[in-house]
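Chains, contacts and geometry: an overview
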Amino acid sequence: MDQQKRLLLERAGIDVADALARFMDNEALMLKFLLRFPEDKNFSQLEQALADGDATRAFEAAHTLKGVAGNLSMTRLFQQADRLTEDLRRQDLGAAKDSMPELEEQYAHIISALRELQ
Amino acid sequence: MNGDKDASLLIIDDEMVNRAILANIFSPEYAIIEAEDGQEGLDAIQANADRLSAVMLDVVMPRLNGIEVLRRLHQLELTDRIPVFLITADACSDTMREAYSLGVMDVILKPVVPYVVRRRVNSVVELFRARRMLGAEVERQRDQLLLQAQQLAEMGIGMVEALATAIEFRSDESGQHVHRIHDITCHLLHNTPLGEGLTQEQIQQIGLGAITHDVGKISIPDAILNKKGRLTAEEYELMKTHTVKGAELLSRIPQMREHAAYRYAYDIALHHHERWDGGGYPHHLVGDETPIWTQIVSLADVYDALVSKRCYKEAFSAQTATDMILRGECGVFNPRLLEYFCQEEPVLRRFYPCMKGAC
C-alpha cells in the first residue's frame, strides 16, 4: 500500500499493520471491508436508539460497532464504542449520551478518510 | 488435515466483515459455511452435524443470540460432538461463565488475532478428532474381542462334538445320532411348553449336553458295544455303566466343569436311561426326579435308536417307533412329555432325510 494512503488511514485512527495482519496480509480484502464500513448501520442505529432512550437497542448497536471497529483495527473508535457498551450494559443512558460526541467525532474522521481513499 | 474437504467450519456472525476475517483465516484448512444469525446458524449445525469440525459463534445477534444457540446445542447434546467457540467483543464475565457452563470449548475475544484463534481452534479440533478415533478404535477392539470369545466358544463346542462323534463312530453309527438327538431336544424345548422358563442360552446348553449323553461309552469294550446278538446279563450290567462313567468323565475335564453347559451335560449323561416309573438306571429315579430336559433327551435317544439301523436291529418306520414308545416297549415316559412328543413327531421326521417309510 502506498505510503500516502497508509498515512491517511493512520491519521484517522486505523492501525493499518494490525488490520493487515488480521486479514492475513490480504490487502485487497482489508480495503474492501474498510471501504464498506460507511455502509455499516450500527452507528446510525446507536444514534437512533440513544435518541429514543432505548438502552437495550443502543447496547446492541454499540456492542456490534465495537466488534467491527476492533476487527478493522479502528483503535480509537473501538475504545470509545467499548466505553459506551459498558455504560449501556449498566443501562446508564446519561453516561452514554455524554460519551457520544467524542465517538461521533472519531466516526466522522474515519468516514471522511475512507471517502478520500475512494 | 490439509485439503480435507470433509472438514467444515461454521461461522455464525451477523456482521459480514467478522465472518470474512474468520473465513479468510480458516479457508485454507476447512470448507467454510456462514450463517448470518443464530437461527440460521442452528439450522446449519443440524444440517451439517456430521461434517462440522468446529463452530465459531458470535454472541450479540438478531433473532436467536449466541447464548440461546448454545443453550439449544447443549440440550441437543451437540456440544459434546462439535467444539463450539464463542467469538465475542464482550469480555463480560457473566456471559463467559454461562457459555462455559453450556459446554463452549473456548471464548475468543474480538478483535481476533489470526495465529491465536487458529492455534486454539485447531488444537481443540485435533482433540475431538483424536477422541473420535480413539472411541472408534476401542469399539473395533471390543468387537474383535467379542468375535474371538465367540470363536473360542465355538471351538470348545466343536471339540465336544468331535469327542461325541468319535465315540459314536466306535459303535458303528454314522455320527449323525448325536446331532439328531441335539436337534430333537432343542426342537421340543423351543416349540412346546416343555421349554417354558428356559432361556435361549439354556436351551443351547442343554443341546450341548444332549450331544455328550453317551460319552461314557468310551469305557465299554468293543466286543460289547458292537455285539450283533443279545447281550448277556453280565454284559448288559457293564453296558449300563456308561451312564455313571460318562458323568465321571465329564466331571474330570476342568474346562467342562467350568462350562455353563456342565450341569446339564452331567445330568443328561448320568440319567438319560432313567424312566418315569423308576424302571430305569442307574439310580431308579421316579417321575420328575429326573429333570424334564434329561427326560426329553432319553425319549429322543429311544426314538432315534428305533428309527435307525443298529448293529443289533433293523430300522423301524416312524409310525412303528412312535407306537412302540406309546405302548411302553422302551420303558415308561412322562405322559405330558409323550403328549408333546406325539404332537411334534411328524415334524421330527424332517431330521431324517432317508427315514424308512418317509422317502
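Residues numbered from 1 in each chain as written. Chains lettered and ligands numbered in written order. Predicted model: local features only at pLDDT ≥ 70, side-chain atom pairs only at ≥ 80, totals over all residues. Heavy atoms only, no water.

Quick notes on the side chain of E274 of chain B
All names here are of chain B. Examined against the element boundaries, E274 turns out to sit in the loop between α12 (262-271) and α13 (292-307). Buried within the structure, E274 lacks any salt-bridge partner; its nearest side chain of opposite charge belongs to R275, at an N-O separation of 7.7 Å. Separated by 3.0 Å, the side chain of E274 and the backbone nitrogen of H284 make a polar contact. Contact partners of E274, with chain neighbours within four places excluded, come to G280, Y281, P282, H283, H284, L285, T290 and S298. (Helix = DSSP H or I, 4+ residues; strand = E, 2+ residues; numbered from the N terminus. Buried < 20%, exposed > 50% of the residue type's maximum accessible area, 1.4 Å probe, protein only. Lys, Arg positive; Asp, Glu negative; His and termini not counted. Salt bridge = Lys/Arg side-chain N within 4 Å of Asp/Glu carboxyl O. Polar contact = N/O pair within 3.5 Å; in protein donor to acceptor, adjacent residues only side chain to side chain. Contact = heavy atoms within 4.5 Å.)

Quick notes on the packing of helix α6 (residues 75-89) of chain A against helix α7 (residues 93-117) of chain A
All names here are of chain A. For the pair α6 and α7, interaxial distance at closest approach is 9 Å and the crossing angle is 160°. Taken together, the axes of α6 and α7 lie roughly antiparallel to each other. By crossing handedness, the relation of α6 to α7 is classed as left-handed. Residues R76, L77, Q80, A81, R83, L84, D87 and L88 of α6 touch α7, and the partners they reach there are L93, A95, A96, S99, M100, E102, L103, Q106, Y107 and I110. Broken down by class, the residue content of the contact of α6 with α7 amounts to 11 nonpolar, three polar and four charged. (Axes fitted to C-alpha atoms, helices over the stretch in contact; angles between N-to-C directions. Parallel < 35°, antiparallel > 145°, perpendicular 65-115°, else oblique. Left-handed = near helix turned anticlockwise from the far one by under 90°. Nonpolar A, V, L, I, M, F, W, Y, C, P; charged D, E, K, R; others polar.)

Observations regarding the packing of helix α6 (residues 176-191) of chain B against helix α15 (residues 335-348) of chain B
All names here are of chain B. Running from amino to carboxyl end, α6 crosses α15 at an angle of 120°, the nearest separation of the two axes being 11 Å. Judged on the interaxial angle alone, α15 and α6 are oblique. Both α6 and α15 take part in a crossing whose hand is right-handed. Of α15, the residues touching α6 (which contributes I184, H187, L188 and N191) are Y340, F341, E344, V347 and L348. Of the residues in the contact of α6 with α15, the class split is six nonpolar, two polar and one charged.

Things to note about a nonpolar patch on the surface
Residue and element names in this part refer to chain B. Together, L152, M155 and M159 line one region of the surface with nonpolar side chains, adding up to about 360 Å² of accessible area. Among the structural elements, L152 can be located in helix α5 (residues 114-170). Judged by its relative accessible area of 56%, L152 falls in the exposed class. (Patch = residues over 30% accessible without salt bridge, like charges linked within 9 Å, V, L, I, M, F, W, Y side chains within 5 Å. Areas by Shrake-Rupley, 256 points an atom, 1.4 Å probe, with all protein chains shown as cover.)

Remarks on the interface of chain A and chain B
Contacts between the two partners involve 22 residues from chain A, matched on the other side by 19 residues from chain B. Summed over both partners, the interface of chain A with chain B buries about 1800 Å², with 64% contributed by carbon and sulfur atoms. If you sort the residues of chain A by the area they bury against chain B, R22, M24 and N71 of chain A come out on top, with a joint share of 31%. Applying the counting criterion to the chain A and chain B interface returns zero salt bridges. (Buried area = accessible area lost by both parts, 1.4 Å probe.)

A short note on the sheet that holds strand β1 (residues 8-12) of chain B
All names here are of chain B. What the five strands build is an open sheet, ordered β2-β1-β3-β4-β5; its pairing is parallel. The strands lining the two open edges of the sheet, one partner per strand, are β2 (31-35) and β5 (106-109). Strand-to-strand twist in this sheet, taken as the mean axis angle between neighbours without regard to direction, amounts to 20°. With five bridges joining them, β1 and β2 adopt parallel strand pairing. (Pairing = 2+ DSSP bridges.)

Remarks on the environment of G246 of chain B
Residues and elements named next belong to chain B. Tracing the sequence through the fold places G246 in helix α10 (residues 242-251). Through-space distance from the C-alpha of G246 to that of A269 is 5.6 Å; in sequence the pair is 23 residues apart. In this view, G246 contacts V215, G216 and A269; residues no more than four positions away in its chain are not counted.

What to know about the pattern of salt bridges
As enumerated under the stated definition, the model contains 27 salt bridges over all chains in all. Of the charged contacts in the structure, one is a salt bridge between R57 of chain A and D54 of chain A, with a shortest N-O distance of 3.7 Å. A residue is classified by how much of its surface remains accessible, and R57 of chain A, at 40% relative accessible area, is partly exposed. Residue classification places D54 of chain A among the partly exposed positions, given a relative accessible area of 25%. The shortest N-O distance in the salt bridge between D58 of chain B and K110 of chain B comes to 3.1 Å. Linking D58 of chain B in the loop between β3 (52-57) and α3 (66-75) with K110 of chain B in the loop between β5 and α5, this pair joins segments that are 52 residues apart in sequence. For D58 of chain B, a relative accessible area of 3% translates into the label buried.

Some remarks on helix α4 (residues 42-52) of chain A
All names here are of chain A. Three or more residues of α4 are buried, namely N42, F43, L46, A49 and L50. Buried residues of α4, seen end-on, are gathered within an arc of 130° and therefore sit on one face of the element. Contacts made by the buried residues of α4 are with α5 (55-71), α6 and α7. Phi turns positive, to about 70°, at G53, one or two residues after α4. (Arc of directions from axis to C-beta.)

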